[in-house]
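A look at the structure
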Amino acid sequence: MAKPTATAILQAHISRFINFWNFTKAYLRRNNPLKIFLSRTLALVKEMLTVRKKLQNIERRINYERYKLKKTELILAQNSEHVFLRGRSLNQTR
């Protein structure tokens, strides 16, 4: 069995490097990591800037649900005769 010559070994390494380089270029063309990083960073900054507004909307929804709950409880309490509500009857048709 003959040993490979130095030029054959060098050519094999060069062809492997060229193949690797071509695969790397194709990958970077398909999946641009810099573009992905920038888009995710911008999305994160946008999310951070809108957190306060989202929290305010959540607080408003919670307060509205509390308001509806208290209103419902008051209507239910008015429809049932309790000792503590006898003086608070309203003439409302619901």
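These remarks concern the structure in this document.

Per the counting criterion, the structure on display carries 2 salt bridges. Its salt-bridge partner being Lys54, residue Glu47 comes within 3.0 Å of it at the nearest N-O pair. Taking relative accessible area as the criterion, Glu47 reaches 39% and is therefore assigned partly exposed. Judged by its relative accessible area of 40%, Lys54 is partly exposed. In this structure, Glu65 and Lys68 form a salt bridge, with 3.6 Å as the shortest nitrogen-oxygen distance. Here Glu65 and its partner Lys68 are both found in helix H2 (residues 33-79), 3 residues apart, which amounts to about one turn of the helix. Residue Glu65 is classed as partly exposed on the basis of its relative accessible area, which comes to 44%.

The rules we used
- The residue numbers shown here count from 1 along each chain, following its written sequence.
- Reporting of local features is limited, given that this is a predicted model, to residues whose pLDDT is at least 70; pairs of side-chain atoms are given and counted only at 80 or more, and all residues count toward the totals for whole chains, interfaces and linings.
- Water and hydrogen atoms were dropped before computing side-chain values, which therefore reflect all heavy atoms in the structure.
- For this document, the term salt bridge refers to a Lys or Arg side-chain nitrogen within 4 Å of an Asp or Glu carboxyl oxygen.
- Residue exposure (1.4 Å probe, protein chains only): buried if accessible area is under 20% of the type maximum, exposed if over 50%, otherwise partly exposed.
- Strands are runs of DSSP state E lasting at least two residues, helices are runs of H or I lasting at least four, and both sets are numbered from the N terminus onward.

None of the figures reported here should be taken as evidence of function without further support.
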